[in-house]
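Next come the chains, spelled out residue by residue.
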Amino acid sequence: MEGLAIIDASTRVLCLIGKPVRHSLSPVMHNAAIRALNLNFVYVAFEVEPQDLGKAVEGIRSLGIGGANVTMPHKIEVVKYLDEVSEDARKIGAVNTIVNEGGTLKGYNTDGVGALKSLEMFTDVDGKKVVLLGAGGAARAIAYTLSGRVSELAILNRTEEKAVNLARNLANNGSTVRGMRLSVRNLENELRDADILINATSVGMESNESLVPEHLLRPGLVVFDIVYRPLHTKLLRDAMKAGCTTIDGLWMLVLQGAESFKLWTGHYPDIRIMRNAALKALGVEENEGEG
Ligand code: ATR
């Protein structure tokens with residue numbers, strides 16, 4: 001392995017807690033960024049059972065672990081074990097990043113900012129109409145971050161009630177936010193004048209499914225899929241064929257990770273290095289992974 005950092009008595013540990021974590025790209029991505037900056041940190045993954053979450057968080061505190069990412073299924077539950085929670089994370093109702101400030105554990109959520117920055121690498125979001133599929137944890141973070149920036153946000157979810165509730169909670173953020181059932185008819189109506197379509201559901205993950213009929217995709221639409229396994233989901237392949245601008249889910253993984261990295265180390269990492277490390281771990285050639 002090239003450029004392996006020397007681990008010594010001063011090395012600070014960063015970690016991921018979740019279950020499962022064995023296929024996570026976060027360790028390779030963060031360790032590549034750590035090496036590139038020559039920092040004395042190391043990032044490891046810990047598989048934590050739900051009933052052990054409280055003890056794991058105490059372990060972060062007592063071992064002086066510098067910071068952590070929190071992933072499925074702990075993002076909501078973890079809040080109750082932390083000393084402080086940022087306003088964003090509180091509003092989103094989920095934490096994906098913990099910073100250990102001298103024994104005080106503070107929770108943040110970088111998913112929404114990661115998604116916003118992914119979009120901003122390819123398009124302007126201000127004043128745009130966004131169609132968001134999903135109303136789960138990831139969708140909530142994205143909806144919260146986009147509301148107030150976009151002119152209109154239509155949230156479509158299989159379980160209608162969750163979309164309606166999410167829209168209601170975001171009502172006073174400055175954008176027109178509407179929640180509705182995910183149906184072909186609603187998709188058709190909402191996509192007609194939309195600028196950006198985001199899939200924030202798990203549909204397409206390790207499958208060849210898409211929630212969006214191909215004929216609704218057209219040039220001029222920006223299509224962002226937060227799923228990154230496979231990198232080119234059916235939705236993104238259909239969107240490419242239709243002439244849309246496409247954004248894959250690895251951008252969001254990298255950019256949320258970069259925000260967490262900055263919180264832990266004070267340095268904003270090289271996102272190209274992080275993305276390339278993640279692409280390599282996914283087994284994707286670099287030119288295949290563009291955009
Ligand atoms: P995450 O934290 O990754 O967002 P989650 O909170 O479990 O995960 O949310 C998963 C999202 O994918 C939800 O919006 C879910 O819709 P429901 O709220 O109706 O469950 C959506 N989803 C999962 N499988 C789906 C499917 N087959 N069709 C449509 N939506 C689906």
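The structure under discussion appears in the preceding block.
This text gives an overview of the structure that appears in the document. All of these numbers come straight from a predicted model, not from anything done at the bench.

**Digging into the site of the ligand**
- Every one of the 14 residues lining the ligand counts as a neighbour, but Ala 138, Asn 157, Arg 158, Thr 159 and Lys 162 are closest to it.
- The contact in question runs from an oxygen atom of the ligand to an N or O atom on the backbone of Ala 138, over 3.0 Å.
- In this structure, an oxygen atom belonging to the ligand sits 2.6 Å away from a side-chain N or O atom of Lys 162.
- Partitioned by chemical class, the residues of the shell around the ligand number five nonpolar, seven polar and two charged.

**Thoughts on the side chain of Thr 123**
- For Thr 123, the position within the fold is in the loop between α4 (111-120) and β7 (129-133).
- When its relative accessible area of 16% is taken as the criterion, Thr 123 is described as buried.
- If sequence neighbours within four positions are ignored, Thr 123 has contacts with Lys 128, Ile 196 and Val 222.

**Quick notes on the packing of aromatic side chains**
- Within this structure, the stated rule accounts for two aromatic pairs.
- Plain terms: the ring middles of Tyr 43 and Trp 264 are 6.0 Å apart, the flat faces sit at 50 degrees to each other, and that makes the pair tilted. Pair noted here: Tyr 43 is in strand β2 (residues 41-47) and Trp 264 is in helix α9 (residues 249-265), with a separation of 221 residues, a long-range link. Neither Tyr 43 nor Trp 264 differs from the other in exposure class; each is buried.
- Geometrically, the ring pair formed by Phe 122 and Trp 251 is edge-to-face, given 6.1 Å between the ring centres and 70 degrees between the ring planes. Here Trp 251 lies in helix α9 and Phe 122 lies in the loop between α4 and β7, a separation of 129 residues in the sequence.

**So, the pattern of salt bridges**
- All chains considered together, the criterion is met by 20 salt bridges.
- Note that Glu 58 is salt-bridged to Arg 61, the shortest N-O span being 3.2 Å. On the criterion of helical spacing, the pair formed by Glu 58 and Arg 61 is a turn pair, its members being three residues apart in helix α2 (residues 53-63).
- The class for Glu 58 is partly exposed, based on a relative accessible area of 39%.
- Put simply, Asp 111 and Lys 75 hold a salt bridge, and the shortest N to O gap is 2.8 Å. Pair noted here: Asp 111 is in helix α4 and Lys 75 is in the loop between β3 (67-70) and β4 (84-85), with a separation of 36 residues, a long-range link.

Rules behind the numbers
- Residues numbered from 1 in each chain as written.
- Predicted model: local features only at pLDDT ≥ 70, side-chain atom pairs only at ≥ 80, totals over all residues.
- Heavy atoms only, no water.
- Near = heavy atom within 4 Å.
- Polar contact = N/O pair within 3.5 Å; in protein donor to acceptor, adjacent residues only side chain to side chain.
- Nonpolar A, V, L, I, M, F, W, Y, C, P; charged D, E, K, R; others polar.
- Helix = DSSP H or I, 4+ residues; strand = E, 2+ residues; numbered from the N terminus.
- Buried < 20%, exposed > 50% of the residue type's maximum accessible area, 1.4 Å probe, protein only.
- Contact = heavy atoms within 4.5 Å.
- Phe/Tyr/Trp six-rings, centres within 6.5 Å; stacked < 30°, edge-to-face > 60°.
- Salt bridge = Lys/Arg side-chain N within 4 Å of Asp/Glu carboxyl O.

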